[in-house]
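The lines below spell out each chain.
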Amino acid sequence: MKSLITTLGALFLAAPTLAEERTYIIDPGHTHIVFEVERFGYAATVGVFPDSSGEIVLDMDHPENSRVTASVNTPTVWTGLASRDQAVNGPGFLNTAQHPEIRFTSTAIELIDEDSARVTGDFTLLGVTQPVTFEVDLNRIGPDPSVGGREGAGFSMRASLNRSDFGNTTAAALIGDTVTIRIEALGHLAE
C-alpha cells in the first residue's frame, strides 16, 4: 500500500498544473457502510446503509487540511430481516420519518503515519450533533478500470459511538449502547 504522503506527493509532482486540492465524489455503488450493535447478549446485529453521498477533498500539499462531508439515506437500512428493518426505521431507533439522514462533516484531521489518520467531525444522528472520530486508512489513489480509468481514491474507516449520546436509549437493558461503524469508501475525481 502506497503511503499517503508518497502518493499525494507523486500526484502533485507528476501533474504540476493540478490544483492544490482534489475533490473526489463518493460512489454509493462502491461504498459500504456497515454498523454493528450487541443484541440481547447473544450476538451482534449487523446492518448496512446502501445509499450514501458526499465528497472527499484532499489537500495535496497539506493532507491534514483535507476534509470530508458525507450523508446516509437512513430509510435504506438493511439488516437481513424485514421486520427488524421496520423496527430500526421506526420511532424507537432511527426514526427515519423525522430524521431521514445521518450526516458527517469533518472538523479536524490528525495524521498518524504516511497512510492513516484520525478524522474527527460533527456526526448528526436523530437531529443531535456530537463529535465522532474515525480511524482512516488510505488504500489507494489511481485509475479505476471499472469507470474507464477515472481516478479513484479508496479508504477504510472505523469508528464507534454511543447511541445514548444521540438521545437513543430504546431497550437499553437488551440492546447495547455502543455502535461500531465500518466504512469502505470509494470516491472518483470530480469532473
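Here, every reference points to the structure presented above.
Residues numbered from 1 in each chain as written. Predicted model: local features only at pLDDT ≥ 70, side-chain atom pairs only at ≥ 80, totals over all residues. Heavy atoms only, no water.

## So, the packing of aromatic side chains
Tallying each qualifying case throughout the model produces 3 aromatic pairs. Taking the centre distance of 5.3 Å and the plane angle of 35° together, the rings of Phe-35 and Phe-49 count as tilted. Of the two residues, Phe-35 is situated in strand S2 (residues 32-39) and Phe-49 in strand S3 (residues 43-49); the sequence distance between them amounts to 14 residues. Taken individually, Phe-35 and Phe-49 each receive the classification buried, so the pair is uniform in this respect. Where Phe-104 meets Phe-134, the ring centres are 5.2 Å apart and the plane angle is 80°; that geometry is what we call edge-to-face. Of the two residues, Phe-104 sits in strand S6 (residues 101-113) while Phe-134 sits in strand S8 (residues 128-144), which places them 30 residues apart along the sequence. The pair formed by Phe-104 and Phe-134 is uniform in burial state, with each residue classed as buried. (Phe/Tyr/Trp six-rings, centres within 6.5 Å; stacked < 30°, edge-to-face > 60°. Helix = DSSP H or I, 4+ residues; strand = E, 2+ residues; numbered from the N terminus. Buried < 20%, exposed > 50% of the residue type's maximum accessible area, 1.4 Å probe, protein only.)

## Some remarks on a nonpolar patch on the surface
Nonpolar side chains collect at one region of the surface, where Phe-40, Tyr-42 and Leu-174 lie side by side and expose about 370 Å² of accessible area between them. Mapped onto the secondary structure, Tyr-42 falls in the loop between S2 and S3. (Patch = residues over 30% accessible without salt bridge, like charges linked within 9 Å, V, L, I, M, F, W, Y side chains within 5 Å. Areas by Shrake-Rupley, 256 points an atom, 1.4 Å probe, with all protein chains shown as cover. Salt bridge = Lys/Arg side-chain N within 4 Å of Asp/Glu carboxyl O.)

## Some points on the pattern of salt bridges
A complete count under the given rule lists 7 salt bridges for this structure. In this structure, the salt-bridge partner of Arg-22 is Glu-151, at a minimum N-O distance of 3.2 Å. With a gap of 129 residues between them, Arg-22 in strand S1 (residues 21-26) and Glu-151 in strand S9 (residues 150-162) connect regions that are remote in the sequence. Taking relative accessible area as the criterion, Arg-22 reaches 8% and is therefore assigned buried. Glu-110 is the partner of Arg-118 in a salt bridge, and the nearest nitrogen-oxygen pair spans 3.4 Å. Looking at Glu-110, the relative accessible area reads 43%, which means it is partly exposed. Members of the salt-bridge network, linked through shared partners, are Glu-110, Arg-118 and Glu-135.

## A closer look at helix H2 (residues 82-89)
Taken residue by residue, H2 has Asp-85, Val-88 and Asn-89 as its buried positions. Buried residues along H2 cover an arc of 95° about the axis, so they all sit on one side. (Arc of directions from axis to C-beta.)

## Considerations on the environment of Ala-173
Within the secondary structure layout, Ala-173 lies in the loop between S9 and strand S10 (175-189). We classify Ala-173 as exposed; its relative accessible area is 81%. As a C-alpha pair, Ala-173 and His-62 span 111 residues in sequence and 46 Å in three-dimensional space.

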